[in-house]
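Structural description and commentary
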Amino acid sequence: MPSGDVIQFSADARPPGLDFDVPRRRLLERILATASPIVVLDAPAGLGKSVLLQQLGRQLGIAVCRGPLPDAEGPLLLWDFVDEGGPSRLPEAFLAGERRLVVAKRPQQELHGLARAMAYGRVLRLTEADLRFTLEDLASHMSPRSARRVLERTGGWPMLLGATALDGSVLDAFLREEVLAPLSSNELFDLCDRISLEPTPDPGAPALPTALREPLTRSLNAILATRANDPAQARIIAAVHDRRGEITEAILCYQRAGCFDEALEAFERGWGRFYLYHFGPEAFARVLSGFPETFAQGNDTLVMSLAMQALKSGEIARARRLIADRFGPQVNDLGTVFEERGRYSTDFLAFRVIMMIYEDYQLTDELFALVFDMFQYFPVEDHLVRGSFYNSVLEFYIRRRRFAAAEDVANHALHHYEQAGAPMLAFYISLHRALIHLMMGDALTARRHAGEAETYLASVRFDSPGDWRLLGLLRACIDYEGGKAEPLARFLSTQLDDFVHGEIWPSLIEFALQYGSQALSEHFSTIAARSFLDRWRVYQVRNRQFGMMIEMREAAILQNANRWQEAAEKLATVPSRITRSWVAAATDELSRLQDRDEIMLCLSWLRHLVNEAPARAGLDRQLDATLENLNLTGRQRLSVEIWLAFVSKRQSNLSRARALLQKVFEQAARLDAIAPLAEERHFLSELIEHQRIGQYLDSSTPVRQVLRRLRDAGLPNSPLGVQSGLSRRETKVLLMIAEGASNKFIANALGLSEATVKFHLGNVYRKLGCGRRREAIAAARALGLVR
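Conventions and cut-offs
Residues numbered from 1 in each chain as written. Predicted model: local features only at pLDDT ≥ 70, side-chain atom pairs only at ≥ 80, totals over all residues. Heavy atoms only, no water. Helix = DSSP H or I, 4+ residues; strand = E, 2+ residues; numbered from the N terminus. Buried < 20%, exposed > 50% of the residue type's maximum accessible area, 1.4 Å probe, protein only. Contact = heavy atoms within 4.5 Å. Areas by Shrake-Rupley, 256 points an atom, 1.4 Å probe, with all protein chains shown as cover. Pairing = 2+ DSSP bridges. pLDDT = per-residue confidence, 0-100. Axes fitted to C-alpha atoms, helices over the stretch in contact; angles between N-to-C directions. Parallel < 35°, antiparallel > 145°, perpendicular 65-115°, else oblique. Left-handed = near helix turned anticlockwise from the far one by under 90°. Nonpolar A, V, L, I, M, F, W, Y, C, P; charged D, E, K, R; others polar.

Looking now at the overall build of the protein chain. When helices and strands are tallied, the protein chain shows 47 helices and 9 strands. When the 787 residues of the protein chain are sorted by exposure, 54% land in the buried category. Residue pairs in contact within the protein chain that sit at least 24 positions apart in sequence constitute 68% of those at least 6 positions apart. Summed over its atoms, the accessible surface of the protein chain is roughly 33400 Å², and 51% of this surface lies on carbon and sulfur atoms.

This paragraph deals with the pairing of strand β2 (residues 38–42). Moving residue by residue along a regular strand, the side chains alternate between the two faces of the sheet. Of all 5 residues that make up β2, 5 are buried, and the element is covered over most of its length. Covered by surrounding structure in β2 are Ile38, Val40 and Asp42 together with Val39 and Leu41, the residues of both alternating faces. Relative to strand β6 (residues 100–105), β2 is paired through 5 bridges, and the arrangement is parallel. Counterpart to Leu41 in the pairing with β6 is Ala104. Relative to strand β8 (residues 123–127), β2 runs parallel, the two being bridged by 5 bridges. Looking at β8, one finds that Val39 is bridged to Leu124.

For β6, the buried fraction is high: 5 of the 6 residues fall into the buried class. In terms of strand pairing, strand β4 (residues 76–81) meets β6 through 5 bridges, oriented parallel. Considered in β6, the bridge of Leu76 is made with Arg100.

What follows deals with the confidence of the model for the protein chain. Confidence along the protein chain averages 81 in pLDDT terms, with 85% of residues attaining 70 or more. Throughout residues 1–13 the model reports pLDDT below 50, and contacts reaching past four residues in sequence, or to other chains, amount to 43 contacts. Note on residues 198–206: pLDDT is under 50 here. Beyond four places in sequence and across chains, it has 16 contacts.

Attention now goes to unusual backbone geometry. Here the phi dihedral of Trp271 falls at roughly 90°; this positive angle occurs in a residue that is not glycine. With respect to the element layout, Trp271 can be found in the loop between α14 (260–269) and α15 (275–279). We note that Asn562 has phi near 65°; this positive angle belongs to a residue other than glycine. Turning to its location among the elements, Asn562 is positioned in the loop between α32 (544–560) and α33 (564–572).

The geometry of α33 relative to helix α35 (residues 596–612) is characterised by a closest axis approach of 11 Å and an angle of 150° between their N-to-C directions. Considered as vectors, α33 and α35 are oriented roughly antiparallel to each other. Crossing handedness for the pair α33 and α35: left-handed. For the pair formed by α33 and α35, the contact residues are Trp564, Ala568, Leu571 and Ala572 on the first element and Leu601, Ser604, Trp605, Arg607, His608 and Asn611 on the second. A breakdown of the residues in the contact of α33 with α35 according to their chemical character gives 6 nonpolar, 3 polar and 1 charged.

Right under this line is the structure:
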């Protein structure tokens, strides 16, 4: 209700015949009847205690004294205590009972000696409850139900009961000047708490009238804002916020008062460079912007915090400049930093490890050893720093596909974050644990870790919509892994834009690219999937690894769309030693690859070779060597085993093809991993269609269940070429001309003569009812052979 409005009370707020002097008359009788030498009217402003003193004075013929303790004679002193200069001391004559005193005061005003008199039973203390109308007072003039409603609304305050309407600006001024102005900042905050805790458990005597709640809140905010603009008062208010644990408000008040050293102390108590994870990005940004630039540049914690803010905004160059200006240009050379670690604090070294992730730094074994050796210097009790170190190392282990080690450091990080009381950071660890198991092809365990992540995120004290979106994507991917496409499709269609603009770690981007592009490719179109990747090109062009991920995912989409030649051209543009020629010639080397991106590129080329020439001599040995590589993810291993089954079938080794497929399908059933099989439908369709293989697979109940779920997800019952009456070779030739390949190129790629290629093309034209190349391509698209 804006100031200046009129507070309207209900008709029964002023009951007919109600005597508004009832509480005061009742108190006068008690004061006159008491034998206690001291009577204290101890109540806030607005309840009529000064009026009560005046009535008592008129009745006794005694003047009321206002201000400091008066030097008045006589057996009885009536004193309206309004002194704000500090506590007053009661003269001994009152304490000894030689003279009588009736004093009206506010609860926060101190009278030295009063406690001693109360201890000896010489004080009658009357509080705000004695100055209000009771439920019985009101019920004698209205129905019990109306009396309870009026009491709740007015609190029994005579001022509110005596008005049918009250101008809001008048009430605001009264509250500010008479009720709130005399209160200390501590007392103002206590009153804020009282308002937030209403209603009280006892409806018969509410501590605060509901009619005052809104104007009192407004007046409190106004007076606190006024005090906060006064540097001396702002320091006091900041200290109160600080004592109450309201760190962000304390820092902002200190900054307004120009007390930057105190603001920095509060910032460091509030987790320093980890402030972001305890109070949220908005509070983090407000606090950092409140420090003058020259002040911030002179403090290690603030510089690292500003650098972290820059990293999360994708401004890696700015982060590097910030730390170089503070710690020297050599800090951007990681080898120098860790070899000369004695020059830096352990906190900075831990931060520098985190920064490596954003820089897309490729750790050598030697540097990795130096990084790990540094851990022994971190204080045992510094759980945030220790947890962040394990968190950083976790990213590198995931990148290297060392999942057992990743799981171990994740457990350590989670322990430290739980000890530090950091649910947001614990959420990220649980998210990564779910991701690890998705990569391993274990959707069941991934689902359990996603549940743990949700529990941590729900306990975070600030809003974090980006992290809830991230959790939503993770759950949708887990459902997709189990064969349910709808949640992921819904996420991609409704939340993709917000998600792509957000800041997430590299390993999380990898799984977003993997699942998002696969789902859009299979359930929408190749165009939709490529558009999805293009968005990531625009918003996540921050380092080399994102670019390589996007190029290889686009190649996989093209392969799944039977656009193999276009995919090969895409792969050939990736700058790497892993070329088609290298893969075609490699055998034992395939088992020794370690780099994540090199493994992904190698697998893309192997997939191409399996499709292009499955009968090629030695291809099965290459796939066997690849399966010996311990750095493959579980998903990748499933794919390679399917390719090996396809090659075995084409090389007439049906027993091995059947055994491999049974193993793959049973593992998929055990781990609820359907999506990796769906992405290999190009090879699975032909394998499952084979009569002897199909009959063998049907003998296993888990395999039959997986097959049913695959077909529900879109796996055709027969190979695409067979549906059109085309042979495998004819289908391959048709796919290649659809990609624009010439007869000569097709002949070289398939090891045929140009005459044989023309023969196959003639069969394609005849079976499809076409007379020209362009018509055959159009027919291929219409039949779904090419997407």
